[in-house]
Amino acid sequence: MGPSVDFLGRDVVSARDFKRDQYDEMLRAVEDLEKSRESLDGTLKGKLAALLFFEPSTRTYSSFQIAAEKLGMRVSGFAGPTGSSITKGETLHDTVRMFEGYGADVFIIRHSKMGAARFAAEISDVPVVSAGDGSREHPTQAMVDLYAIKKAFGRIDGLKVGMLGDLRYGRTSSSLAYALSNFDVEITFIAPEALQMRPEVSHFLTQRGVTPRTAGAFKDVAGSLDVLYVTRIQKERIPDPTEYEKVKGMYEVNLEALRDAKPSLKVLHPLPRVDELSTDIDETNYAQYFVQAAGGLPLRMALLNLILGGAR
Ligand code: NCD
């Protein structure tokens, strides 16, 4: 593969920072890895990954950890606020500085504050990868999502993608929308008014020539979609509990809801799910979310390898 000009030494803080060529390169790298044309095991031997997770995580933390370890890296850091000095008030700034002193070669950071990853990237000499930034961005999840779409259809261009759920406070939908704006797709934001996509995301897409459509409910667009990207209501990010009470339980994707869907529809979800995605579709051909989650591991391996310039 050779060193990547586009990724080597690069921060990954926003899905907006990457263009079509880079997404294509990323997808090629992970496809090669999965087809085992390239084993990346041990390519980053001796390097240190600092995983600083100021917010809880299951998939993102463990897939980055396993990815780094398979690449031969050592892993240090913390998987959530408990078990670190954050509970004593230690700042992101000091934490980054300290791990740099320990020889970190890359930071993987999840934080509840918007802009935290960008801030860390500014003070750090080594690459910073966002693993979720407030309610705005989750760029590596967007790469995982693109990969799941590509796996299902063999392409991304030409597809009609609906995003359903809490688009306002969810960071995965906005990052995926940014990433998809590099492709020839039709995007529909499906949400009740209170949870509709933030205007700045729609503006960005329109500027990129992918003007999003909107719908209030899935049933209005059910028959037209190729991909349905479902997200949970971000209860912990909604500032006012009464606002949450008004929207909770407003949508659920189940077999009944998919009655008018194309047989080829694929349902994605970044997980965790709560009550918006019924288990009754788990065993159907619609379900792509477990394949999607599993793709997180090879994708993060391929990404770290590109950024840190592993061999092959
Ligand atoms: C998401 C997140 O943390 O934003 N989870 C994930 O990384 N797969 C989605 C969510 O929490 O709803």
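Residues numbered from 1 in each chain as written. Predicted model: local features only at pLDDT ≥ 70, side-chain atom pairs only at ≥ 80, totals over all residues. Heavy atoms only, no water.

All right, on to the site of the ligand then. As a structural note, the neighbourhood of the ligand is formed by Arg 59, Thr 60, Arg 110, His 138, Gln 141, Arg 171, Thr 172, Arg 232, Gln 234, Pro 270, Leu 271 and Pro 272. Between the ligand and Thr 60 there is a distance of 2.9 Å, counted from an oxygen atom to a side-chain nitrogen or oxygen. Those elements giving two or more residues to the shell around the ligand turn out to be α2 (59-70) and α6 (171-180). Residues belonging to the shell around the ligand are distributed by class as follows: three nonpolar, five polar and four charged. Here the shell around the ligand gathers at least three residues from each of two domains, domain 1 (15-137 + 296-307) and domain 2 (139-293). (Near = heavy atom within 4 Å. Polar contact = N/O pair within 3.5 Å; in protein donor to acceptor, adjacent residues only side chain to side chain. Helix = DSSP H or I, 4+ residues; strand = E, 2+ residues; numbered from the N terminus. Nonpolar A, V, L, I, M, F, W, Y, C, P; charged D, E, K, R; others polar. Domains from an automatic or database assignment.)

Glancing now at the nonpolar core. Ranked by internal contacts, the top residues of the largest apolar core, which has 89 residues, are Leu 146, Leu 180, Leu 228, Leu 258 and Val 267. Ranked by residues supplied to this core, first place goes to helix α9 (residues 289-308) with nine residues. Split by domain, this core shows at least three residues from each of two domains, domain 1 (15-137 + 296-307) and domain 2 (139-293). Not counting chain neighbours up to four residues away, the residues in contact with Leu 146 comprise Tyr 23, Leu 27, Ile 156, Leu 176, Ala 179, Leu 180 and Phe 183. Core analysis: the next-biggest nonpolar cluster, separate from the first, contains 18 residues, Val 13, Ala 50, Phe 78 and Phe 107 among them. (Core = buried A, V, L, I, M, F, W, Y, C linked by side-chain atoms within 4.5 Å. Buried < 20%, exposed > 50% of the residue type's maximum accessible area, 1.4 Å probe, protein only. Contact = heavy atoms within 4.5 Å.)

Turning our attention to helix α3 (residues 92-101). Taken residue by residue, α3 has Leu 92, Thr 95, Val 96 and Phe 99 as its buried positions. Buried residues in α3, looked at end-on, bunch into an arc of 95 degrees, giving them a common side. Buried residues along α3 sit against β1 (48-53), β2 (74-78), β3 (106-111) and α4 (116-123). Of the residues flanking the end of α3, it is Gly 103, one or two places downstream, whose phi is positive at about 95 degrees. (Arc of directions from axis to C-beta.)

Estimated volume of the largest pocket: approximately 390 Å³. The set of elements that each furnish at least two residues to the lining of the largest pocket consists of α2 and α6. Classifying every residue of the lining of the largest pocket gives four nonpolar, ten polar and seven charged. Formed jointly, the lining of the largest pocket draws a minimum of three residues from each of two domains, domain 1 (15-137 + 296-307) and domain 2 (139-293). In this structure, the second largest pocket is lined by 16 residues; those nearest its centre are Ala 217, Phe 218, Lys 219, Tyr 251 and Glu 252. (1 Å grid on protein atoms, 1.4 Å probe; cavity = no way out; pocket = protein on both sides within 12 Å on 5 of 7 lines; lining within 4 Å. Points joined across faces, edges and corners; volume = space filled by probe spheres on them.)

Below, the discussion takes up the pattern of salt bridges. Under the counting rule described, the total for this entry stands at 18 salt bridges. The closest approach of N and O atoms between Arg 20 and Asp 24, which form a salt bridge, is 3.0 Å. One end of the pair, Arg 20, and the other, Asp 24, are both in helix α1 (residues 20-34), four residues apart, so they sit about a helical turn from each other. For Asp 24, a relative accessible area of 24% translates into the label partly exposed. One salt bridge connects Arg 237 with Glu 55, and the closest N-O pair in it is separated by 2.9 Å. (Salt bridge = Lys/Arg side-chain N within 4 Å of Asp/Glu carboxyl O.)

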